[in-house]
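For reference, the chains in residue letters:
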Amino acid sequence: MGGPAVDGLRERVRGAVITPADEGYEQARRVYNGMVDRRPAAVVRVANTGDVMAAVDFARENALELAVRGGAHSAPGYGTCDDGLVIDFADRRGVRIDPVGRTARCEGGVTWGDLNDAGYAFGLGVTGGIISTTGIAGLTLNGGFGHLARGLGLSCDNLLSADVVTADGTFRTVSAEQEPDLFWALRGGGGNFGVVTSFEYRLSPVKDVVAGPFVYELEHAAEVLRFYREYVREAPEQLGLFPGFHLAPPLPFIPEDRVGDPFILLVPCWSGPPERAEEVLAPLRDAAPVVAEGVGPVPYPAFGAAFDPLLPPGLQQYWKGVFASELTDGAIAAHTEHGPLVPTVHSAVHIYPINGACHRVPAAATAFAHREATFATVMVGVWPDPADDAANTAWVRDYYAALAPHSDEGGYIGFMDHDDQHRIEANYRGNYARLAELKQRYDPGNLFHLNQNIRP
């Protein structure tokens with residue numbers, strides 16, 4: 001894309017168009033995953049929806065690769081490309097809270113930290129990610145798990161409407177009443193159907209929570225996991241709870257001589273009445289001997305950012321994920337074999353619960369189809385040195401291979417990496433045929449293919 005073409009693009013948009021010849025290009029081309037090193041022909045820092053429409057038209061008219069970047073957290077680096085065009089929402093992070101109607105209207109570059117902070121002032125929130133720097137766009141379009149999911153449902157279950165620019169450059173507002181087919185596809189269909197410029201969410205009362213990690217020795221990992229699978233089925237839905245394998249970071253409640261040791265954790269987030277917290281959390285203290293505990297009252301946005309220091313941008317990353325209706329003894333054996341081998345303080349394995357309110361939505365009601373799954377496991381390999389790429393990706397792949405026989409068919413598209421395209425149909429299960437039909441209707445040329453791609 002030469003000079004005249006870039007000049008033509010600059011004439012069509014209000015936001016900055018950053019090319020390899022411009023100052024700031026090296027920063028503008030970067031995404032969260034340090035393994036991804038691509039050089040787009042131009043990055044458009046969109047200033048408004050008109051810029052998005054113009055950029056989509058420009059990419060289509062010039063047969064350019066098109067990437068869309070919200071929070072830039074995509075593990076495969078789908079928020080950038082080589083020699084193409086990037087629509088970047090970095091400057092579109094506005095949040096408007098309606099405290100009376102209990103809704104939030106968020107621009108496409110908003111992160112969960114932005115939304116959590118804005119809602120906290122009004123005592124309102126919605127299911128969001130475990131890392132606050134994650135963009136709302138990718139998480140919601142993929143489905144969306146988080147601490148509040150058992151009580152409030154997935155992020156996509158709380159989406160009321162969306163503004164979207166489709167592949168023909170048309171601006172559309174979609175909801176259950178307005179273009180319901182496209183609205184259905186956006187709730188779990190990923191970035192396949194257009195560029196969402198704003199999201200409207202239903203909010204619920206959320207203020208301060210009682211949360212933090214319980215830390216146990218690895219020798220108790222199997223009994224902790226067996227406790228978890230039973231307790232999370234019947235626990236009050238205001239309890240978010242997941243186990244994880246971690247190397248202990250240097251935190252005040254970790255014994256100094258245990259920093260860097262591998263442990264299994266249980267991480268609760270109680271958003272119910274504070275006076276019930278001790279009753280609900282007491283069984284976690286009895287699940288196994290507790291080595292360390294960092295649980296207490298905390299503002300929800302602060303807990304939503306608790307894991308952020310472990311995952312700064314620029315580290316090498318490789319992910320895999322599975323769903324499971326049951327956390328079987330075979331799965332627990334796989335976890336106790338591979339979880340203790342977690343290679344770095346940045347890496348982790350988490351087993352998120354997606355029951356409760358998540359199960360009350362029919363599988364055909366949204367593009368997210370895995371409504372019978374109770375557990376969503378993610379294996380996140382994260383490390384600083386590219387020299388360790390082979391060893392760390394092998395840990396993730398070996399872990400995934402060990403869990404696969406004990407998991408449901410398909411997995412969560414938000415936990416897929418670049419080499420998981422062969423899993424697409426299984427990931428969408430019975431909804432795939434309808435998604436392919438809608439892809440043909442809204443994006444027949446597959447302009448939006450830098451994603452876990454549904455082919456028209």
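These notes cover the structure that comes with them. A quick note: this is a predicted structure, and the numbers were derived from the prediction, not measured.

### Describing the overall build of the chain
Now for step 1: The helix and strand tally for the chain stands at 14 helices and 20 strands.
Now for step 2: In terms of C-alpha radius of gyration, the chain reaches 21 Å, essentially the compact-globule figure of 23 Å for 456 residues.
Now for step 3: Dimensions of the chain along its principal axes, counting C-alpha atoms only, are 65 × 50 × 40 Å.
Now for step 4: By residue count, 59% of the 456 residues in the chain fall in the buried class.
Now for step 5: The contacts in the chain between residues at least 6 apart in sequence include a share of 75% that link residues at least 24 apart.
Now for step 6: Just so you have it, the chain exposes about 16900 Å², and 52% of that area is on carbon and sulfur atoms.
Now for step 7: Of note, the chain has its 36 positive side-chain charges centred 5 Å away from the centre of its 57 negative side-chain charges.

### Regarding the sheet that holds strand 5 (residues 95–98)
Now for step 1: Read from one edge of the open sheet, five strands run 5-6-10-8-9, paired in antiparallel fashion. Of all the strands in the sheet, the pair left with one neighbour each is strand 5 and strand 9 (171–175). On average, adjacent strands in this sheet sit at an angle of 15 degrees to one another, irrespective of strand direction.
Now for step 2: Across six bridges, strand 8 (residues 159–165) lies against strand 10 (residues 195–202) in antiparallel orientation. The residue of strand 10 that forms the bridge with V165 is V195.
Now for step 3: Each of strand 5, strand 6 (103–107) and strand 10 touches helix 4 (residues 112–120); the most contacted strand, strand 5, lies at about 35 degrees to it.

### Quick look at the packing of aromatic side chains
Now for step 1: A complete count under the given rule lists 17 aromatic pairs for this structure.
Now for step 2: Of the aromatic side chains, those joined through ring pairs into one cluster are F145, F242, F307, W319, F323, Y352, F368, Y412 and F415.
Now for step 3: Positioned above the aromatic ring of Y120, the side-chain terminus of K207 is 4.0 Å from the ring centre.
Now for step 4: Positioned above the aromatic ring of W184 is the side chain of R434, whose terminal nitrogen or guanidinium carbon lies 3.9 Å from the ring centre.

### Re the sheet that holds strand 1 (residues 16–18)
Now for step 1: Spatially, 1-2-4-3 is the arrangement adopted by the four strands of the open sheet, whose pairing is mixed. The open sheet is flanked by strand 1 and strand 3 (66–69), the only strands paired with a single partner. Strand-to-strand twist of the sheet, defined as the mean angle between neighbouring strand axes without regard to direction, takes the value 20 degrees.
Now for step 2: One ladder, built from four bridges, connects strand 3 with strand 4 (residues 85–88); its direction is parallel.

### Observations concerning helix 4
Now for step 1: The set of residues buried in helix 4 consists of W112, G113, D114, L115, N116 and G119.
Now for step 2: Elements in contact with the buried residues of helix 4: strand 5, strand 6, strand 7 (124–125), helix 5 (136–142), strand 10 and helix 10 (300–304).

### Topic: the nonpolar core
Now for step 1: The biggest cluster of nonpolar side chains holds 77 residues, and the ones touching the most others in it are L115, F145 and Y201.
Now for step 2: Aside from chain neighbours lying at most four places away, what touches L115 is V95, I97, A104, C106, V110, V126, I136 and Y201.

### Overview of the pairing of strand 6
Now for step 1: When strand 5 meets strand 6, the two strands line up antiparallel, connected through four bridges. Across the sheet, D98 pairs through a bridge with T103, a residue of strand 6.
Now for step 2: Linking strand 5 back to strand 6 in an antiparallel pair, the connection comprises four residues, with R102 at a positive phi of about 55 degrees.
Now for step 3: Relative to strand 10, strand 6 runs antiparallel, the two sharing five bridges. Residue pairing for strand 10: R105 is matched across the bridge by E200.

### Thoughts on the pattern of salt bridges
Now for step 1: This model, assessed by the stated rule, comprises 33 salt bridges.
Now for step 2: For E230, the salt bridge identified is with R229, shortest N-O distance 3.5 Å.
Now for step 3: Residue E230 is classed as partly exposed on the basis of its relative accessible area of 48%.
Now for step 4: Among the residues examined, R229 registers a relative accessible area of 16% and is labelled buried.
Now for step 5: Across the pair K320 and D420 runs a salt bridge, and its minimum N-O distance is 3.3 Å. Within this pair, whereas K320 is found in strand 18 (residues 316–324), its partner D420 is found in the loop between helix 12 (389–403) and helix 13 (424–428), the two being separated by 100 residues in sequence. For the pair shown, K320 and D420 are each scored as buried.
Now for step 6: Counted as one network, the salt bridges with shared partners bring together K320, R397, D419, D420 and R423.

### What about the side chain of D163?
Now for step 1: Tracing the chain through its elements places D163 in strand 8.
Now for step 2: Exposure remark for D163: the relative accessible area of 14% places this residue in the buried category.
Now for step 3: A polar contact is formed between the side chain of D163 and the side chain of S198, at a distance of 2.8 Å.
Now for step 4: Ignoring sequence-local partners within four residues, the contact set of D163 consists of R105, F171, R172, T173, V195, V196, T197 and S198.

### Looking at the environment of V95
Now for step 1: For V95, the position within the fold is in strand 5.
Now for step 2: Under the relative-accessibility criterion, V95 is labelled partly exposed at 27%.
Now for step 3: It is 9.6 Å that separates the C-alpha atoms of V95 and S198, two residues lying 103 residues apart in sequence.
Now for step 4: What V95 contacts, discounting residues up to four positions off in sequence, is R105, C106, V110, D114, L115 and A118.

Cut-offs and rules
Residues numbered from 1 in each chain as written. Predicted model: local features only at pLDDT ≥ 70, side-chain atom pairs only at ≥ 80, totals over all residues. Heavy atoms only, no water. Helix = DSSP H or I, 4+ residues; strand = E, 2+ residues; numbered from the N terminus. Rg over C-alpha atoms; globule rule 2.2 N^0.38 Å. Buried < 20%, exposed > 50% of the residue type's maximum accessible area, 1.4 Å probe, protein only. Contact = heavy atoms within 4.5 Å. Areas by Shrake-Rupley, 256 points an atom, 1.4 Å probe, with all protein chains shown as cover. Lys, Arg positive; Asp, Glu negative; His and termini not counted. Charge placed at Lys NZ, Arg CZ, Asp CG, Glu CD. Pairing = 2+ DSSP bridges. Axes fitted to C-alpha atoms, helices over the stretch in contact; angles between N-to-C directions. Phe/Tyr/Trp six-rings, centres within 6.5 Å; stacked < 30°, edge-to-face > 60°. Lys NZ or Arg CZ within 6 Å of the ring centre and 35° of its normal. Core = buried A, V, L, I, M, F, W, Y, C linked by side-chain atoms within 4.5 Å. Salt bridge = Lys/Arg side-chain N within 4 Å of Asp/Glu carboxyl O. Polar contact = N/O pair within 3.5 Å; in protein donor to acceptor, adjacent residues only side chain to side chain.

Keep in mind that these numbers describe shape and distance, not what the molecule does.
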